[in-house]
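Architecture and fold: a report
Each chain, written out:
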Amino acid sequence: MATEDWHSQAWQDQFVAAALPHEGGVFVDIGAGHPLNGSNTAYLEWERGWNGLLCDRQWAHELARWRDTGNMVFADALDVEWDKVLPTLARDGWIEYLSLDLEPPILTLQVLASLPLQSVRFKVATIEHDLYRGNQSIRAAMRGIMLAHGYELVAEDVCCLRGTTAYPFEDWWAAPEHAEAARVAVEAVKPVTVEAVINATTEG
């Protein structure tokens, strides 16, 4: 796939497309941001025929205008009754992809804790913890929630690059049933991670 077809900041759309290479999936994109620039789900929607839910307080109007009309669009993630909304999107209890990225990261944790993870399962998820800001307790709490619900951490401390500096900001997850495919996808995409940076420094 040509480079210009991808839109995510740190290869999230490539990871999901490789882990779940089928048409017509469902996504939940909370903290979706701009309809295209940096979007984790625009490629999935426009090239794979996926749709689902988009939520962003700043960009809600633009998301409703420029993305597929079949999507559900919300503004404030804290006002959504997730235990009622997500089951309407799930198929046999499953949703393909969760992208969760709010500012500040304590809001990401708050929304994650409010999701009905016991009844709605995500095949893969990318969850932003912004470790580079220095708050390890938020990352620990997020990981505790995901691990308690049986998810496997397939890429930890994925980094965004600013110049030559790598900032760890996100974890990638998979349900056990999809963990093998997700790990193969991680190997194919090769996101920048703290472990990769350390290994490259050591080998250098």
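Since the structure is predicted, the reported quantities are computational estimates derived from the model, not experimental observations. (Residues numbered from 1 in each chain as written. Predicted model: local features only at pLDDT ≥ 70, side-chain atom pairs only at ≥ 80, totals over all residues. Heavy atoms only, no water.)

Take the overall build of the protein next. Along its length, the protein carries eight helices and seven strands. Since a compact globule built from 204 residues should have a radius of gyration of about 17 Å, the 16 Å found for the protein is in line with a globular shape. The principal-axis extents of the C-alpha atoms in the protein amount to approximately 50 × 40 × 35 Å. Of all 204 residues assigned to the protein, the portion counted as buried reaches 51%. Within the protein, contacts between residues at least 6 apart in sequence are counted, and of these 72% link residues at least 24 apart. Of the charged side chains in the protein, 14 are positive and 30 negative; the average position of the first set lies 2 Å away from that of the second. (Helix = DSSP H or I, 4+ residues; strand = E, 2+ residues; numbered from the N terminus. Rg over C-alpha atoms; globule rule 2.2 N^0.38 Å. Buried < 20%, exposed > 50% of the residue type's maximum accessible area, 1.4 Å probe, protein only. Contact = heavy atoms within 4.5 Å. Lys, Arg positive; Asp, Glu negative; His and termini not counted. Charge placed at Lys NZ, Arg CZ, Asp CG, Glu CD.)

Taken as a whole, the largest pocket encloses approximately 590 Å³ of empty space. Residue lining of the largest pocket: 32 residues in total, with Gly31, Asp56, Asp101, Leu102 and Glu103 positioned closest to the centre. For the lining of the largest pocket, the elements supplying multiple residues, two or more each, are strand E6 (152–162) and strand E7 (165–174). Looking at the lining of the largest pocket residue by residue, the class counts come to 10 nonpolar, 11 polar and 11 charged. (1 Å grid on protein atoms, 1.4 Å probe; cavity = no way out; pocket = protein on both sides within 12 Å on 5 of 7 lines; lining within 4 Å. Points joined across faces, edges and corners; volume = space filled by probe spheres on them. Nonpolar A, V, L, I, M, F, W, Y, C, P; charged D, E, K, R; others polar.)

At a minimum axis separation of 10 Å, helix H5 (residues 105–114) and helix H6 (residues 136–148) run at an interaxial angle of 15 degrees. Regarding the angle of H5 to H6, the classification is roughly parallel. Here H5 runs over H6; the crossing is left-handed. Residue-level contacts link Pro105, Ile106, Thr108, Leu109, Leu112 and Ala113 of H5 to Ile138, Ala141, Met142, Ile145 and Met146 of H6. Residues belonging to the contact of H5 with H6 are distributed by class as follows: 10 nonpolar, one polar and no charged. (Axes fitted to C-alpha atoms, helices over the stretch in contact; angles between N-to-C directions. Parallel < 35°, antiparallel > 145°, perpendicular 65-115°, else oblique. Left-handed = near helix turned anticlockwise from the far one by under 90°.)

Looking now at the pairing of strand E1 (residues 26–30). With respect to burial, E1 is a largely interior element, five of its five residues being buried. Relative to strand E2 (residues 51–55), E1 is paired through five bridges, and the arrangement is parallel. Counterpart to Val28 in the pairing with E2 is Leu53. (Pairing = 2+ DSSP bridges.)

What follows concerns the side chain of Arg143. Within the fold, Arg143 resides in helix H6. Once you skip the residues sitting within four places of it in the chain, Arg143 turns out to touch Leu153, Glu156, Asp157, Asp171 and Trp173.

With that out of the way, let us pick up H6. Turn by turn, an α-helix covers 3.6 residues, leaving residues three or four places apart pointing in a common direction. Here H6 is 13 residues long and its end C-alpha atoms lie 18 Å apart, about the 18 Å a rise of 1.5 Å per residue gives. Those residues of H6 not exposed but buried are Ile138, Arg139, Met142, Arg143, Ile145 and Met146. All buried residues of H6 project into a common sector of 160 degrees when viewed along the axis, lining one side. Residues of H6 that are exposed and angled more than 90 degrees away from the buried face: Gln136, Leu147 and Ala148. (Expected span 1.5 Å × (residues − 1). Arc of directions from axis to C-beta.)

Further remarks concern the state of the cysteines. Inspection of the entire model under this criterion finds zero disulfides. Sulfur of Cys160: no disulfide; nearest cysteine sulfur belongs to Cys159 and is 7.3 Å away. (Disulfide = S-S within 2.5 Å.)

What follows covers the packing of aromatic side chains. With the rule as written, the count across this model stands at three aromatic pairs. Here the aromatic rings of Trp6 and Tyr43 are separated by 4.2 Å at their centres, their planes lie at 40 degrees, and the arrangement is tilted. One end of the pair, Trp6, is in the segment before helix H1 (12–19); the other, Tyr43, is in helix H2 (residues 42–48), with 37 residues separating them in the sequence. Between Phe15 and Trp172, the ring centres sit 4.6 Å apart and the planes meet at 20 degrees, which makes this aromatic pair stacked. In this pair, Phe15 is assigned in helix H1 and Trp172 in strand E7, connecting sequence segments 157 residues apart. No difference in accessibility class separates Phe15 from Trp172, as the two residues are buried. Of note, Arg67 hangs over the ring of Trp46, and the distance from its end group to the ring centre comes to 5.6 Å. Looking at Arg162, its charged tip hangs above the ring of Tyr167, at a distance of 4.9 Å from the centre. (Phe/Tyr/Trp six-rings, centres within 6.5 Å; stacked < 30°, edge-to-face > 60°. Lys NZ or Arg CZ within 6 Å of the ring centre and 35° of its normal.)

These figures capture arrangement, not role.
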